[in-house]
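Each chain, written out:
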Amino acid sequence: MLQIRDLIWGLLFAVCAAAIQVQITPTQGEISVGESKFFLCEVVGDAKDIDWYAPSGEKILPNRPDIFVSRSDETTSSLTIYHANVDSAGIYKCVARNGDKEAQATVQVKIFQKITFESAPSPQEFNEGDDADIVCDVVSSPPPTIIWKHKGSRIQVAKDVRFMIMDNGHLQIRGIKKIDEGMYNCEARIMARGEIDFKMIKVVVNVLPTIRARLSEVNATADTDRSALLACDADGFPEPTVTWAHNNVVLETGNKYSLSDDGSELLIKSVKKVDEGDYTCIAKNKAGEKAEEVSLNVFVKPRITYLNNQTASEFDHQVTLTCEASGDPTPTISWSFQNRVFTEGEQASWTRPDKYESLDRNIVVRSHARVSSLTLKNVLFTYAGQYLCTAGNSIGQDNQQLYLEVRYAPKILGPVTVYTWEGNAANISCEVEAYPGASVVWFRDGLQLPSANTTNVKIYNTPTISYLEITPDSQNDFGSYNCTATNVMGSESKEFLLIQAEVPSSPEIEQVEPFSSTAVVKFEEPDSMGGVPIIKYRVEWRLPGQDWTGKEHYASDDMTAITIVGLKPETTYEVKMSAINGKGEGESSLPSTFKTEPVRYSFTISSETPPPIATTSVALKGEPSAPILEVKVQERGNTLKVNWIKQDDGGSPIKHYLVRYKAKHVSDWKPEIRIPHNSEYVMLSGLDWNTEYEVHVVAENQQGKSEPGVISFRTATDPTTIPDAAVGGSGLGTGAIVGILIVVFFLLLVGVDVTCYFLNKCGLLMCIAVNFCGKAGPGAKSKDIEEGQAAFTKDESKEPIVEVRTEEEQTPNQGGGPTEPNETTPLTEPEPAAADTTSTVVNLLPSTATNSVAESFSTAQSSPASESTALTISASSPTKAAPAKASPKNSPAAQSSPLNANTQPDVGPLVDLSDSPKAPPSSNPTPPVSEPVSPPSANADGPQSQPDTVKAPDSAQNKDLQVDGPAKDAPNAPCTDSTTPAHNDGKTVKDDSTKGETEVKNATAEVKTVPNEAPQTNGNESKA
């Protein structure tokens, strides 16, 4: 291979020895702006120099940074253009020289601009309502076609005048809205090259904040350590920031101010008056800012700042009291003294305190700004005391007191007459009012007391009262005494009289109210007390012509009645009274005559057991009689007045009345009310509307309580209750609605039960049809016959049907004693052959038959759930049959129990259970014969010439013959058409051991042979 190649190259050199050839690869080039590309110049022939020339004709030197030329070997040279730009375009030439031989080749380089997004920022934000200019600057060569898309659809500027594509490719949206926000697609296309590129630009529309103050004005109270809350709500996009400013100073969280997290709430702590003013809430975002003013009004509670005590002298021309107060709003100042209030513009007189008008104008109130003055003219000593200055505004009030001292001469007060008697000490009081305090001196006949000659006089002094204690020894000690008081303002004297006291006059008896053993004496006080208080009253009484009996009663305030006790009933007495004071007892009043009332007797009859004769006891009691009651309805219907009329008090005054009441529909009584003895009614208020009440009133004296006076009444209907008709009510009571619901529910149950009866053969109607009428549900019998499980058929005569079945196997209780039958016990045994069966005579033991019958009957009678009464007859083997001995007890049963065959053509063999006349006992009774039973193959509907008998089994084992039938009472058989007596509903067996006979009532039974392998699927198979 090497030799062939060398041969070829040798031929080429030989051919080209005379010429040089140059070839550039690639032959042409297209370069995108910014890209780099190289070209290879290959020379065929011997070339000494290979040079590259730029489009401008200049030789490209090797050291140029943008264009690089390199020669790899003697035949090749490369040209590399780095990061081409538009100026790099043109025709490049490669020249090869070898002496005077020269060859060249050219390549045209084209520079083009790819689609380039020079400026397409994302996101671009605009304010709502501005003309938005969405920038998308694209460069390429040739210039591209710009297409704008929004939400996947091309923007049709012809359809929406708000959109316009500018010459520079920008998208302009006039009056941009928040709904214009989203992603915009700026797509550039160059059709010549099929070039396409796009840029997704997110456009955000900022919304200028809106701001709203929650309260444009906020009120606060200063100096209460309370805070004020200013709040505003701002909205916008993006979420604006909220700041607060006051007096052009931005507020920040600190000791005085507290801002919420979002800045919407400004809390001003410990509000002062200087905090009052306008606060600016500023909301700011990229779209701009908005501000709202909130005014803070700071109110100040009134505070009295100046008030001083004053001193004046009586009869001065005037004195002025001054009170100053601060507060915002400006407080109103008023003055008060004791219970009198003085305000500006009002004038008052001490002589007419109820009216603030006075002709003498002694009191004047003047106010200016926050200062008020109270001027008192012609000062009197009564002006002295505490004056109250009150400053108030809408925020609160403040008050302080000042004391006005009035200096005045002594003034002596107190009663001037004092009563006493010889040997009884008395105090004469000299009460002195004076400022400054006064000294007091006592005189008698010009001599200062006490003197050397007076030993029965003593003086006691207090700051305001001087007491002169005198113990009269004789009449000379009574008379006039002088009290003189003196201070710096002057002196005053006053005469006091000490008078000899007298005994009181006699009281006047107004009325005597007699009872059986007591009397109440009503009287008036004596006209003259004798100068000293009455201490006691003496009451005396007697039978006419006998000695007086007396008793003293201590006097009390407003005492006008005294009760005499221990009197005799129906007796005439005289009574008189006298009054006693410290001096002594006065004269007695004129006697007054009265007669006591008879005693009311009450009889109590008590009976105790076991004494054979009731004992009767008579007790004398003094209880009052029950009061008579009457009710009066007041204006408000639930308030009533219960009046009572006093009856016999039982010989003793009524102490009080006891009232209790309750609503009749409740058992608890209201708390007992005690009414004074002189009351005649009680008011019962707050009662329930439209309610019947019962009231008991009991009178009580010293002997006990009366029987209660009873009255009942009903309160009025609540006037606020709206009748049902007025509101469109239905008028149906709760009971009627409940009744309707019960009827609807019952009808629904009946419908469901009827549906279950006809569809599923179940339900209450099914149970009634089976248990009371002996009928199966619709279609039940035909269904059982089709399945081969029918136990009986219904005869046209609608007679009760008796089912006879033969057992296949020994039952558990056949081992000994009579078998107790039930519904599932097989009654007959099927015969394998249906022809030529011989009659079999079975000797039945009367005792066995009787016992079986009795046992079966007792079971049916004792169990309410029993559905039938079974007659069980035990039969022995024919080979072992023997005559039974008759007994007086069992003979009637044996004679009434033979079973006779019935040869009627249309009815199967019947068991004659009718009541027949009982034959007398016989010494040789005829053995009973077993009832013929048709074999399974016999035709029950065809005529029978002779009855077939049941073939006894070969084994010696006894079998039971059962005759089943419903044992129901007469009321349960209304649906049968039988004309038998009331208890003849099927077969009823009675065992009367006392009579020694078994009564079987008439019934006809249709006998069917039921295969024992057929399961009993219907509870009606053994019922008629």
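See above for the structure.
This report concerns the structure included in the present document.

1. Focus on the overall build of the chain
Now for step 1: Regarding its fold elements, the chain presents six helices and 63 strands.
Now for step 2: Expressed as a percentage of its 1024 residues, the buried residues of the chain come to 38%.
Now for step 3: Excluding contacts between residues fewer than 6 apart, the proportion of contacts in the chain whose partners are at least 24 apart in sequence is 62%.
Now for step 4: On the chain, roughly 58100 Å² of surface is accessible, and the fraction owed to carbon and sulfur atoms is 52%.

2. Points about the environment of Ala-54
Now for step 1: Tracing the chain through its elements places Ala-54 in the loop between strand E4 (49-53) and strand E5 (67-70).
Now for step 2: A relative accessible area of 11% means that Ala-54 is categorised as buried.
Now for step 3: C-alpha of Ala-54 to C-alpha of Lys-93: the two residues are 39 residues apart in sequence and 6.9 Å apart in space.

3. Comments concerning the pattern of salt bridges
Now for step 1: Taken as a whole, this structure holds 27 salt bridges when the rule is applied.
Now for step 2: For Lys-59, the salt bridge identified is with Asp-51, shortest N-O distance 3.4 Å.
Now for step 3: By relative accessible area, which is 15% here, Asp-51 ends up buried.
Now for step 4: Taking the shortest distance from any N to any O, the salt bridge between Lys-273 and Asp-328 comes out at 2.0 Å. Of the two residues, Lys-273 sits in the loop between strand E24 (265-268) and strand E25 (277-285) while Asp-328 sits in strand E28 (residues 318-328), which places them 55 residues apart along the sequence.
Now for step 5: Classification of Asp-328 by relative accessible area gives partly exposed; the value is 24%.
Now for step 6: One network of salt bridges, in which partners are shared, links Asp-51, Lys-59, Arg-97 and Glu-102.

4. Some details on the sheet that holds strand E16 (residues 171-173)
Now for step 1: Strand order in the open sheet formed by three strands is E11-E16-E15, with antiparallel pairing between adjacent strands. A strand with exactly one partner marks an edge of an open sheet, and here the two such strands are strand E11 (132-134) and strand E15 (163-165). Neighbour-to-neighbour, the strand axes of this sheet turn through a mean angle of 20°, independent of strand direction.
Now for step 2: Here three bridges tie E11 to E16, and the two strands are oriented antiparallel to one another.

5. Considerations on the state of the cysteines
Now for step 1: Throughout the structure, instances matching the rule amount to five disulfides.
Now for step 2: A sulfur-sulfur separation of 1.9 Å characterises the disulfide bridge that pairs Cys-41 with Cys-94. Here the S-S torsion is close to -85°, and the disulfide linking Cys-41 with Cys-94 is therefore left-handed. One end of the pair, Cys-41, is in strand E3 (residues 37-44); the other, Cys-94, is in strand E7 (residues 90-98), with 53 residues separating them in the sequence.

6. So, the packing of aromatic side chains
Now for step 1: Per the counting criterion, the structure on display carries nine aromatic pairs.
Now for step 2: Taking 5.1 Å as the distance between ring centres and 40° as the angle between the ring planes, the aromatic pair formed by Trp-644 and Tyr-657 counts as tilted. Taken together, the positions of Trp-644 in strand E54 (residues 640-645) and Tyr-657 in strand E55 (residues 656-663) put the pair 13 residues apart, joining distant regions of the chain. In this pair, the class of Trp-644 matches that of Tyr-657, namely buried.
Now for step 3: In this arrangement the basic side chain of Arg-660 is found over the ring face of Trp-669, its NZ or CZ atom lying 4.2 Å from the centre.
Now for step 4: Taking the ring centre of Trp-669 as reference, the NZ or CZ of Lys-662 above it sits at 5.3 Å.

7. Observations regarding helix H2 (residues 734-759)
Now for step 1: Its 26 residues give H2 an end-to-end C-alpha distance of 38 Å, which sits within 8% of 38 Å, the value for a rise of 1.5 Å per residue.
Now for step 2: The first or second residue beyond H2 is Lys-761, which carries a positive phi of 55°.

8. Examining a nonpolar patch on the surface
Now for step 1: Nonpolar side chains collect at one region of the surface, where Val-743, Phe-746, Leu-747, Val-750, Val-754, Phe-758, Leu-759, Leu-764, Leu-765 and Ile-768 lie side by side and expose about 940 Å² of accessible area between them.
Now for step 2: When contributions to the nonpolar patch are tallied by element, the ones reaching two or more residues are H2 and helix H3 (764-771).

9. Things to note about the packing of H2 against H3
Now for step 1: The N-to-C vectors of H2 and H3 enclose an angle of 60°; their axes lie 7 Å apart at closest approach. Classified by the angle between their axes, H2 and H3 sit oblique to one another. Side by side, H2 and H3 meet where Asp-753, Val-754 and Tyr-757 of the first sit next to Leu-764, Leu-765, Met-766 and Ala-769 of the second.
Now for step 2: Within the contact of H2 with H3, the residues separate by chemical class into six nonpolar, no polar and one charged.

10. Considering the nonpolar core
Now for step 1: Among the nonpolar cores identified, the biggest contains 25 residues, and Val-22, Ile-24, Trp-52, Ile-60, Ile-81 and Tyr-92 are the most heavily contacted of them.
Now for step 2: Counting residues per element, the ones that place at least two in this core are strand E1 (21-25), E3, E4, E5, strand E6 (76-81), E7 and strand E8 (101-112).
Now for step 3: A total of five residues in this core trace back to one element, the largest contributor, which is E8.
Now for step 4: Not counting chain neighbours up to four residues away, the residues in contact with Tyr-92 comprise Ile-24, Tyr-53, Ala-54, Pro-55, Ile-60, Ile-67, Leu-79, Ile-81, Ala-105, Thr-106, Val-107 and Val-109.
Now for step 5: Listed in part, the 24 residues of the second largest apolar core include Val-319, Phe-337, Leu-376 and Cys-389.

11. Considering a positive patch on the surface
Now for step 1: A contiguous patch of positive charge, built from Lys-655, Arg-660, Arg-674 and Lys-705, is present on the exposed surface.
Now for step 2: Turning to its location among the elements, Lys-655 is positioned in the loop between E54 and E55.

12. Describing H3
Now for step 1: Three or more residues of H3 are buried, namely Met-766, Ala-769 and Val-770. Burial along H3 is one-sided: seen end-on, the buried residues are contained in an arc of 95°.

13. Examining the side chain of Gln-124
Now for step 1: Along the chain, Gln-124 falls in strand E10 (residues 124-127).
Now for step 2: In this structure Gln-124 comes out as buried when scored by relative accessible area, which is 7%.
Now for step 3: If we skip the residues at most four places from it in the chain, Gln-124 touches Asp-133, Ile-134, Val-135, Ile-201, Lys-202, Val-203 and Val-204.

14. Thoughts on the sheet that holds E6
Now for step 1: The sheet built from four strands is open, its strands ordered E1-E3-E6-E5 with antiparallel pairing. Each edge of the open sheet is held by one strand with a lone partner, namely E1 and E5. Across this sheet, the average inter-strand angle for adjacent strands is 15°, counted without regard to direction.
Now for step 2: One ladder, built from four bridges, connects E5 with E6; its direction is antiparallel. Looking at the pairing, Val-69 lines up with Leu-79 of E6.

15. Comments concerning the environment of Glu-630
Now for step 1: Position of Glu-630 relative to the elements: it lies in strand E53 (residues 628-633).
Now for step 2: Put simply, Glu-630 and Phe-713 are 83 residues apart on the chain and 9.7 Å apart in space, counted from C-alpha to C-alpha.
Now for step 3: Not counting residues within four places of it along the chain, the set of residues in contact with Glu-630 comprises Lys-641, Val-642, Asn-643 and Ile-711.

16. Description of the pairing of strand E20 (residues 228-237)
Now for step 1: The pairing of strand E18 (residues 195-213) with E20 spans five bridges and is antiparallel. Residue pairing for E20: Ile-211 is matched across the bridge by Ala-234.
Now for step 2: Pairing geometry for E20 and E24, over four bridges, is antiparallel. Bridge assignment links Leu-229 to a residue of E24, and that residue is Leu-267.

Rules and cut-offs
Residues numbered from 1 in each chain as written. Predicted model: local features only at pLDDT ≥ 70, side-chain atom pairs only at ≥ 80, totals over all residues. Heavy atoms only, no water. Helix = DSSP H or I, 4+ residues; strand = E, 2+ residues; numbered from the N terminus. Buried < 20%, exposed > 50% of the residue type's maximum accessible area, 1.4 Å probe, protein only. Contact = heavy atoms within 4.5 Å. Areas by Shrake-Rupley, 256 points an atom, 1.4 Å probe, with all protein chains shown as cover. Salt bridge = Lys/Arg side-chain N within 4 Å of Asp/Glu carboxyl O. Pairing = 2+ DSSP bridges. Axes fitted to C-alpha atoms, helices over the stretch in contact; angles between N-to-C directions. Disulfide = S-S within 2.5 Å. Phe/Tyr/Trp six-rings, centres within 6.5 Å; stacked < 30°, edge-to-face > 60°. Lys NZ or Arg CZ within 6 Å of the ring centre and 35° of its normal. Expected span 1.5 Å × (residues − 1). Patch = residues over 30% accessible without salt bridge, like charges linked within 9 Å, V, L, I, M, F, W, Y side chains within 5 Å. Parallel < 35°, antiparallel > 145°, perpendicular 65-115°, else oblique. Nonpolar A, V, L, I, M, F, W, Y, C, P; charged D, E, K, R; others polar. Core = buried A, V, L, I, M, F, W, Y, C linked by side-chain atoms within 4.5 Å. Lys, Arg positive; Asp, Glu negative; His and termini not counted. Charge placed at Lys NZ, Arg CZ, Asp CG, Glu CD. Arc of directions from axis to C-beta.

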